[in-house]
Amino acid sequence: MKIYNGTTHQINFYSESQTTLVGRKLVVKEGEKPLYSLSTGEKVLGCVKYDSTTPEGLKKLPFMVVGAQKFKEVDPLPPGYDLYIVSNIYRSAVQANGGDTSKLGVVSGVVGDSEGRACGCLKVAVG
């Protein structure tokens, strides 16, 4: 099976037994190594975003308010892969433009390091 990582970073996969719950966050246990790592692909997959019209009543606030983010287009998927791991924004853009998300996965069950920085995940959600 061929997997393409279209995100901006390497993805490290851990099992639940390699993590501990600290508050509501999963943290990798000291000394644990990823079960599997996936390097970033040759091209990060992105999309063109724009803001919809700002609601009239919100234009007078002391800070900028814009309408909901919308998507114009997405980068094409490189051919020949069975699964594409992408950002949530890319997947949302494909879905908003009526595209097929059946081969698109996003990381799920984020795992952090001892300092609270994301360093991996437990799984990939597809569809």
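Above this text is the structure in question.
### What to know about the nonpolar core
Across soluble globular proteins, you tend to see nonpolar side chains buried next to one another. Residues Tyr 4, Leu 45, Tyr 84, Val 86, Tyr 90, Val 94, Leu 104 and Val 106 constitute the largest nonpolar core, which totals eight residues. Once residues within four sequence positions are removed from consideration, Leu 45 is found in contact with Tyr 4, Gly 6, Asp 75, Pro 76, Leu 77, Pro 78, Val 86 and Tyr 90. Counting six residues, the second-largest nonpolar core is a separate cluster that includes Ile 11, Phe 13, Leu 38 and Leu 83.

### Some remarks on the packing of aromatic side chains
Under the defined criterion, the tally for this structure stands at four aromatic pairs. Judged by centre distance (5.0 Å) and plane angle (65 degrees), the ring pair of Tyr 4 and Tyr 81 falls under edge-to-face. Here Tyr 4, found in strand 1 (residues 3-5), pairs with Tyr 81, found in the loop between strand 7 (69-74) and strand 8 (83-85); they are 77 residues apart in sequence, far enough to count as distant. On the basis of relative accessibility, which here comes to 6%, the residue Tyr 4 falls in the buried class. Note on Tyr 81: relative accessible area 21%, which makes it partly exposed. Judged by centre distance (5.8 Å) and plane angle (65 degrees), the rings of Tyr 81 and Tyr 84 are edge-to-face. For Tyr 84, a relative accessible area of 5% translates into the label buried. Feature note: the residues Tyr 4, Tyr 81 and Tyr 84 constitute an aromatic cluster, connected by ring pairs. Cation over ring: Lys 72 sits above Tyr 50, and NZ or CZ is 5.4 Å from the ring centre.

### Looking at the pairing of strand 9 (residues 104-112)
With two bridges joining them, strand 4 (residues 25-28) and strand 9 adopt parallel strand pairing. Across the sheet, residue Leu 26 finds its bridge partner in strand 9, namely Val 111. Here strand 8 runs beside strand 9; their pairing, made up of two bridges, is parallel. Looking at the pairing, Tyr 84 lines up with Leu 104 of strand 9. Traced from strand 8 through helix 1 (residues 88-96) to strand 9, the parallel crossover comes out right-handed.

### Quick notes on the environment of Ala 125
Within the element layout of this structure, Ala 125 appears in strand 10 (residues 118-126). With 17 residues separating them along the chain, Ala 125 and Ser 108 place their C-alpha atoms 6.1 Å apart. When residues no more than four places from it in sequence are discounted, the contact partners of Ala 125 are Leu 104, Gly 105, Val 106 and Ser 108.

### As for helix 1
Tyr 90, Arg 91, Ala 93 and Val 94 are the residues of helix 1 that are buried. Buried residues along helix 1 cover an arc of 160 degrees about the axis, so they all sit on one side. Along helix 1, exposed side chains directed more than 90 degrees from the buried face belong to Asn 88 and Ala 96. Tucked into the core, helix 1 has its buried residues touching strand 6 (47-51), strand 7 and strand 9.

Conventions used here
- Residues numbered from 1 in each chain as written.
- Predicted model: local features only at pLDDT ≥ 70, side-chain atom pairs only at ≥ 80, totals over all residues.
- Heavy atoms only, no water.
- Core = buried A, V, L, I, M, F, W, Y, C linked by side-chain atoms within 4.5 Å.
- Buried < 20%, exposed > 50% of the residue type's maximum accessible area, 1.4 Å probe, protein only.
- Contact = heavy atoms within 4.5 Å.
- Phe/Tyr/Trp six-rings, centres within 6.5 Å; stacked < 30°, edge-to-face > 60°.
- Helix = DSSP H or I, 4+ residues; strand = E, 2+ residues; numbered from the N terminus.
- Lys NZ or Arg CZ within 6 Å of the ring centre and 35° of its normal.
- Pairing = 2+ DSSP bridges.
- Right-handed = clockwise from strand over helix to strand, strands pointing away.
- Arc of directions from axis to C-beta.

Remember, this is a structural readout, not a statement about activity or role.
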